[in-house]
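A look at the structure
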Amino acid sequence: MHDKLENSLGFKISQTANRLNYQFVQLLSQYEIAPEQRTTLEIISKDNEVSQTKIASILGKNKTTICRSLNSLEKKGLIIRDCQIKDKRVNIIKLTQKGKDVLQASQACVIEFRKRINSNLEEKEINKLFELLNKVSNTIKEDFWENQ
């Protein structure tokens, strides 16, 4: 009975993430940016020394996937890669003015979307959900993502 798809925690998490992502894609389409790209811009805006490796780690994605995403953001003129003087292999990712403008323009939409997601939950339920998702996430070996 526990092996049925509807009883799979991974399936339920994935299904929920897909539904959230679909709605978020629709909301962000007016800014011509995908949800993960917007999240990446948000990460970059909060860290003046952020690298591709750090973004990959925060998002739980492999470096190749993040590289493709950054290439797309760079083509759109939303970011630039600034080569470090100390280590030319490390690029610090920075927002362009256009990137800052897209982030700012989409902010109200993102805040409203996040409020709507939280609207049926009490604060203690939200905290418990975070605790449980972190517990599930921590069962996945960190070195798996590092080797991708």
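So, here is what we can say about the structure in this document. Note that this is a predicted model, so its numbers are computed, not measured.

Take the overall build of the chain next. Counting secondary structure elements, the chain contains 7 helices and 2 strands. Along the chain, helices and strands appear, N-terminal first, in the series α-α-α-α-β-β-α-α-α. Counting the 148 residues in the chain, one finds 24% classified as buried. Across the chain, the fraction of contacts at a sequence separation of at least 24, relative to all contacts at a separation of at least 6, is 50%.

Any two packed helices are characterised by the angle at which their axes cross and by the distance between the axes. Packing of helix H1 (residues 9–28) against helix H5 (residues 97–118) leaves a shortest axis separation of 10 Å and a crossing angle of 155°. Relative to H5, the element H1 lies roughly antiparallel. The handedness of the crossing between H1 and H5 is right-handed. Note on element contacts: H5 touches H1 through Ser106, Cys109, Val110, Phe113, Arg116 and Ile117, opposite Leu20, Gln23, Phe24, Leu27 and Leu28.

A word on the pattern of salt bridges. A complete count under the given rule lists 6 salt bridges for this structure. When the shortest N-O distance is used, the salt bridge between Asp47 and Lys54 registers 2.5 Å. According to the relative accessible area criterion, Asp47 is buried, its value standing at 18%. One salt-bridge network, held together by shared partners, links Arg38, Glu42 and Arg114.

Moving on: the packing of helix H3 (residues 52–59) against helix H4 (residues 63–75). Packing of H3 against H4 leaves a shortest axis separation of 9 Å and a crossing angle of 110°. The angle between H3 and H4 falls in the class roughly perpendicular. Helix-helix and strand crossings are classified by hand; for H3 and H4 the assignment is right-handed. In contact with Gln52, Thr53, Ile55, Ala56 and Leu59 of H3, H4 contributes Lys63, Ile66, Cys67 and Leu70.

With that settled, the discussion passes to the packing of aromatic side chains. Within this structure, the stated rule accounts for 1 aromatic pair. Relative to Phe113, the ring of Phe24 lies with its centre 4.7 Å away and its plane at 10°, an arrangement referred to as stacked. Taken together, the residues Phe24 in helix H1 and Phe113 in helix H5 connect sequence positions 89 residues apart. Side by side, Phe24 and Phe113 carry an identical accessibility label, which is buried.

Calculation criteria
Residues numbered from 1 in each chain as written. Predicted model: local features only at pLDDT ≥ 70, side-chain atom pairs only at ≥ 80, totals over all residues. Heavy atoms only, no water. Helix = DSSP H or I, 4+ residues; strand = E, 2+ residues; numbered from the N terminus. Buried < 20%, exposed > 50% of the residue type's maximum accessible area, 1.4 Å probe, protein only. Contact = heavy atoms within 4.5 Å. Axes fitted to C-alpha atoms, helices over the stretch in contact; angles between N-to-C directions. Parallel < 35°, antiparallel > 145°, perpendicular 65-115°, else oblique. Left-handed = near helix turned anticlockwise from the far one by under 90°. Salt bridge = Lys/Arg side-chain N within 4 Å of Asp/Glu carboxyl O. Phe/Tyr/Trp six-rings, centres within 6.5 Å; stacked < 30°, edge-to-face > 60°.

Read these as geometric descriptors, not functional statements.
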